[in-house]
Amino acid sequence: MSELLAFSNVVSGYGDARILHDVDLTIGDGERVAVLGRNGVGKTTIVNTFLGVARLSSGEVRLAGERHSPIRHFIAARRGIALVPQGRRIIPTLTVRENLAIGGAPGRNKPWTLDRVFDLFPILRERANTPGTALSGGQQQMLAIGRALMSNPSLLVLDEPSEGLAPVIIDELAVVLRQLADAGTALLLIEQHFGLVHRVAERYYVLSKGTIVEQGHLAGISMESLKKHVAV
Amino acid sequence: MLVQILNGLVYGGLLYIVSVGLVLIFGLRRIVNFAHGSLFMLGAYVGFSVAAMGGFWGALLAAAIVLALVGALLDIAILQPLQREDPIVTVLVTFGLLLILEDFAQFVWGKDFLKSPVPTMFSGSVLIFGESFPVYRLVVIAVAALVALGLSVWLRLSKIGLYVRASSADPLTTAMQGVNTDRVSVIVVALGAALAGISGTISAPLLALSPSMGSYILIESFIVVVVGGLGSFAGAFIAAIVIGQVHNLGLVYVPWAATMIPFLLMVGVLIWRPTGIAGSHV
Ligand SMILES: Nc1ncnc2c1ncn2[C@@H]1O[C@H](COP(=O)(O)OP(=O)(O)O)[C@@H](O)[C@H]1O
Ligand SMILES: [Mg+2]
């Protein structure tokens, strides 16, 4: 299994504030990995580090085996890492279709097309010409996932996708994520929702105060014992 | 009366072309470009110099190309390297650029006022409902209308236009989808500068050319951008048309207060809607 995204001994933060300390994590081809952790422990900072929003002060980030110096925010997507950001960040001045179309940036093979995204999420086809932010929270999450898929990622990173969604919508989300994983897309699921992690991921890391304090496989572990492992 | 409205449209149209460049640059770079009025001034001088040999269209083309290059350089050499600094640094640097460009114009073209002749092919007047109106002023209105139309078609229908709209609303999210927003911004700053240049060239026959001619239009353009709602193209269009009318009617009916009226309008709009006519958030 080849490595898609790897952090080794990563220290990073904002300005003088160090948020992540010696973080090591890897995600291989087609793997489904979760990062669990409470609010404010630095989960989004992991994303911001490979995007280049947070500053990497030591350690190394590798994308698809190559050392990645995260300076320009568009590089990650062009190397096959697509992001569904926390809070979804649907662009309010664009329609649903236009929000998807910015995801079709150049530089990747194109198995995902607008039509295939519409087939996966029929509601987006129905509402293609409405402003993106006129959709419900769940629909906006689907839009954010569809937009990320448009760049044909080998790894899809989702930052708290269940945030603010009703339980039935989270169920739908789990089904969609499993479908994508079955089709070969690797997933990095950053979450606080144990149910979603348990249904989607095969491996997990627990982040606390900016360091990985626990990691393991989910196979054969019940939700209850996962919660216990994580309760640090 | 109709003639007054047309005169208001002439000024509103010029203001729109200058302001829309400010809006474009603000959207991508989140900074107010103080050098924008100087780009307008430079366009007027370049147009003035080229018009003598190249005629009106040659002057327009030359000003657009020269200013687009200046704009691209401005983005690559100044705005991009400073993008991680506090925006105030960049704003101060654009202010410095304003002074440099004024000195440059003074060095090349001198301090004295220059007068650019009305292009011969557009000389003379036409009768509109019995009142005579200069052909050239109609041409200015037409150019402004074409710019407005061309720009909105480009923004709506082209892929780069889509990237421009997306990056203006949320540069980080747009970049994380794989769009090279730095390249988008070179295009946008070049375009904004070219529009300032075009507007300088076409207004040259209506104004006296001087190295400091950019300051007045810069201030009025700021008012347009603020009244329209920072970053809104439609808002800038409406605001420019309104301020063009207000400015012109002010000159005719209350000349002593004319320069104050746009400011008062701005204060009024900001009290009524702090985010401007079309602004939803900032
Ligand atoms: N853009 C930023 N600038 C400065 N500090 C930030 C920024 N984003 C997050 N932080 C700080 O970093 C810490 C971790 O935040 P974050 O990574 O967003 O946590 P999580 O995603 O786990 O809730 C917090 O203390 C937060 O205040
Ligand atoms: Mg977070």
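This is a predicted model, so every value here is computed, not measured. (Residues numbered from 1 in each chain as written. Chains lettered and ligands numbered in written order. Predicted model: local features only at pLDDT ≥ 70, side-chain atom pairs only at ≥ 80, totals over all residues. Heavy atoms only, no water.)

On to the site of ligand 1. Residues and elements named next belong to chain A. Taken together, Tyr14, Ile19, Arg38, Asn39, Gly40, Val41, Gly42, Lys43, Thr44 and Thr45 make up all the residues around ligand 1. Interatomic distance of 2.7 Å between a side-chain N/O atom of Thr44 and an oxygen atom of ligand 1. A distance of 2.5 Å separates an oxygen atom of ligand 1 from a polar atom in the side chain of Thr45. Here ligand 1, which alone exposes 550 Å², has 57% of that area covered by the protein. (Near = heavy atom within 4 Å. Polar contact = N/O pair within 3.5 Å; in protein donor to acceptor, adjacent residues only side chain to side chain. Areas by Shrake-Rupley, 256 points an atom, 1.4 Å probe, with all protein chains shown as cover.)

This brings us to the side chain of Ser12 of chain A. All names here are of chain A. Within the secondary structure, Ser12 sits in strand S1 (residues 3-14). What makes Ser12 buried here is its relative accessible area of 0%. Look past the residues within four positions of Ser12 in its chain and what remains in contact with it is Arg18, Ile19, Leu20, Thr45, Thr49, Arg55, Leu56 and Ser57. (Helix = DSSP H or I, 4+ residues; strand = E, 2+ residues; numbered from the N terminus. Buried < 20%, exposed > 50% of the residue type's maximum accessible area, 1.4 Å probe, protein only. Contact = heavy atoms within 4.5 Å.)

The next subject is the pairing of strand S8 (residues 186-191) of chain A. Regular strands show a simple pattern: their side chains alternate between the two faces of the sheet. Residues and elements named next belong to chain A. Burial within S8 is extensive, with six of its six residues counted as buried. Here S8 shows two buried faces, one formed by Ala186, Leu188 and Ile190 and the other by Leu187, Leu189 and Glu191. Where strand S3 (residues 32-36) and S8 come together, five bridges link them in parallel fashion. By the bridge assignment, Val33 is partnered in S8 with Leu188. Handedness of the crossover joining strand S7 (residues 155-159) and S8 through helix H7 (residues 167-182) is recorded here as right-handed. (Pairing = 2+ DSSP bridges. Right-handed = clockwise from strand over helix to strand, strands pointing away.)

A word on the sheet that holds strand S6 (residues 81-84) of chain A. Residue and element names in this part refer to chain A. Taken in spatial order, the six strands of this open sheet run S6-S7-S8-S3-S9-S10, and their pairing is mixed. The open sheet has two free edges, formed respectively by S6 and strand S10 (211-217), since each of these has just one partner strand. Mean inter-strand twist for the sheet, computed between neighbouring axes without regard to direction, equals 15°. Looking at chain direction, S3 and strand S9 (residues 203-208) are connected through four bridges and run parallel. Its bridge partner lying in S9, Leu36 is registered against Val206. Packing of helix H9 (residues 223-230) onto the sheet brings it into contact with S3, S9 and S10, and relative to S9 it is tilted by some 30°. (Axes fitted to C-alpha atoms, helices over the stretch in contact; angles between N-to-C directions.)

This part is about a nonpolar patch on the surface. Residues and elements named next belong to chain B. Together, Met1, Leu2, Ile5, Phe129, Leu251, Val252 and Tyr253 line one region of the surface with nonpolar side chains, adding up to about 740 Å² of accessible area. Sorting the residues of the nonpolar patch by element identifies helix H1 (2-29) and helix H9 (233-253) as the ones contributing at least two each. A total of three residues in the nonpolar patch trace back to one element, the largest contributor, which is H9. By the secondary structure assignment, Leu2 is in helix H1. (Patch = residues over 30% accessible without salt bridge, like charges linked within 9 Å, V, L, I, M, F, W, Y side chains within 5 Å. Salt bridge = Lys/Arg side-chain N within 4 Å of Asp/Glu carboxyl O.)

All names here are of chain A. Relative to the helices and strands, Arg127 is located in the loop between helix H5 (122-126) and helix H6 (137-149). Spatially, the C-alpha atom of Arg127 lies 8.4 Å from that of Arg97, the residues being 30 residues apart in sequence. Setting aside its immediate chain neighbours within four residues, Arg127 contacts Val96, Ala134, Leu135 and Gln139.

Let us look at H1 of chain B. In this model H1 of chain B runs 40 Å from its N-terminal to its C-terminal C-alpha over 28 residues, within 8% of the 40 Å that 1.5 Å per residue would give. With 25 of 28 residues buried, H1 of chain B lies mostly within the body of the structure. (Expected span 1.5 Å × (residues − 1).)

Let us look at the interface of chain B and chain A. Taken together, the contact between chain B and chain A spans 21 residues of the former and 26 residues of the latter. When chain B packs against chain A, the two sides together hide about 2,000 Å² of surface, and 57% of this comes from carbon and sulfur. Three residues stand out in chain B for area buried against chain A, namely Leu172, Met176 and Gln177 of chain B, and they jointly supply 32% of the buried area on that side. The shortest N-O distance in the salt bridge between Glu98 of chain A and Arg165 of chain B comes to 2.9 Å. Those elements that place two or more of their residues in the side of chain B that touches chain A are helix H5 (159-169), helix H6 (171-176) and helix H7 (181-203) of chain B. At six residues, the largest contribution of residues to the side of chain B that touches chain A is made by H5 of chain B. (Buried area = accessible area lost by both parts, 1.4 Å probe.)

Everything listed is a geometric property; what it means functionally is a separate question.
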